[in-house]
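# A look at the structure
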Amino acid sequence: MNINPNRTLLLIVDVQNDFCPGGALAVNDGDAVAAPLNALSAALTARGGRAAATQDWHNAEHSSFLQWPCHCVQGTKGAEFHPNLDLNPVTIIIRKGFRQELDSYSAFFENDSSTATGLEGCIKQTNIETVIIGGLATDYCVLYSAMDSRRLGFNTIVVTDAIRGVNQPEGSAEKAIETMKANGIQFYTSQEILDILK
Ligand code: VGL
Ligand code: ZN
């Protein structure tokens, strides 16, 4: 792994109450991603890197709720970041999934693969070359974000201990990891990344 901290972004995907235990679309053990992400955001930003967080941000009647239980409705408790996530190092917040007919799994593009969220422009202007990704859920928003990051030409790393899957359908998280690996996305533990940031 070869990373220049100054040119690295930590992308924290959808660590929100509704995706954590007790939430409307709870991911098993979802809140466990907060601790490794906090360690990484602190270490990376102390060395000149950046941290961004995405927030699923649906309007009350969003088309996403035809497929999923109602979740992450704008302004609700469920849409708030999980209280264990340290937001102090996070300087970019991207809200997504607010166009009625269009869901948005990826941090970069909505599900039409062409409507930009603005993240690409933001990080290209700040010379980011490596994107380190963790959060929820492995098989949807992490998968789509990592695949877009790679497609856009960023060196892309997923943090193995900072992701959890919804596994709907059964086995989809494992499949997502295979797909990411097959596309040149790298996988490291948070400790391995912290060690090289020292
Ligand atoms: C997600 C389903 C619906 C995710 C968001 O964050 O992975 N999954 N909305
Ligand atoms: Zn959603």
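In this report, we go over the structure that sits alongside the text.

Conventions adopted
- Residues numbered from 1 in each chain as written.
- Chains lettered and ligands numbered in written order.
- Predicted model: local features only at pLDDT ≥ 70, side-chain atom pairs only at ≥ 80, totals over all residues.
- Heavy atoms only, no water.
- Helix = DSSP H or I, 4+ residues; strand = E, 2+ residues; numbered from the N terminus.
- Contact = heavy atoms within 4.5 Å.
- Donors = N, O, S within 2.8 Å, 3.2 Å for Na, K, Ca; no water.
- Tetrahedral: all angles 85-135°; square planar, octahedral: opposite > 155°, others 65-115°.
- Buried < 20%, exposed > 50% of the residue type's maximum accessible area, 1.4 Å probe, protein only.
- Pairing = 2+ DSSP bridges.
- Near = heavy atom within 4 Å.
- Polar contact = N/O pair within 3.5 Å; in protein donor to acceptor, adjacent residues only side chain to side chain.
- Areas by Shrake-Rupley, 256 points an atom, 1.4 Å probe, with all protein chains shown as cover.
- 1 Å grid on protein atoms, 1.4 Å probe; cavity = no way out; pocket = protein on both sides within 12 Å on 5 of 7 lines; lining within 4 Å.
- Sits in = over half its atoms within 2 Å of the grid points.
- Nonpolar A, V, L, I, M, F, W, Y, C, P; charged D, E, K, R; others polar.
- Points joined across faces, edges and corners; volume = space filled by probe spheres on them.

Right, let's talk about the environment of R47 for a bit. Residue placement: R47 occurs in the loop between helix 1 (34-46) and strand 2 (50-56). In this structure, the C-alpha to C-alpha distance between R47 and P5, residues 42 residues apart in sequence, is 6.0 Å. Here R47 is in contact with P5, N6, L197 and K198, once residues within four sequence places are set aside.

Taken together, D56 (OD), H58 (NE2) and H71 (NE2) make up the full set of protein donors to the zinc ion (ligand 2), lying 1.9 to 2.2 Å away. Every donor counted, the four donor atoms about the zinc ion (ligand 2) form angles of 90 to 166° at the centre, which fits irregular coordination. Every donor residue of the zinc ion (ligand 2) comes from the same chain, spaced as D-x1-H-x12-H.

On to the pairing of strand 4 (residues 130-136), then. Across the seven residues that make up strand 4, a large majority, seven, are buried. Side chains T130, I132, G134 and L136 project from strand 4 onto one buried face, and the interleaved V131, I133 and G135 project onto a second face that is buried too. As paired strands, strand 1 (residues 8-13) and strand 4 are joined by six bridges and run parallel to one another. Across the sheet, the residue bridging to I12 is G134, located in strand 4. Where strand 4 meets strand 5 (residues 155-164), six bridges bridge the pair, whose relative direction is parallel.

This part covers the site of ligand 1. Around ligand 1 sit D14, F19, D56, W68, H71, Y105, L136, A137, Y140 and C141, and that is every residue in its neighbourhood. One of the side-chain N or O atoms of D14 is found 2.7 Å from an oxygen atom in ligand 1. Taking H71, its side chain carries an N or O atom lying 3.1 Å from a nitrogen atom of ligand 1. Isolated, ligand 1 exposes 260 Å² of accessible area, and the fraction of that covered by the protein chains is 99%. Judged by its atoms lying within 2 Å of the grid points, ligand 1 is housed in the largest cavity. Considering only residue class, the shell around ligand 1 consists of seven nonpolar, one polar and two charged.

Next up on the list: empty space enclosed by the protein. The full count for this structure, using the stated rule, is one cavity of 30 Å³ or more. By volume, the largest cavity is sized at about 120 Å³. Contributing to the lining of the largest cavity are 15 residues, with F19, L25, Y105, Y140 and C141 lying nearest its centre. Taken together, the residues of the lining of the largest cavity sort by class into nine nonpolar, three polar and three charged.

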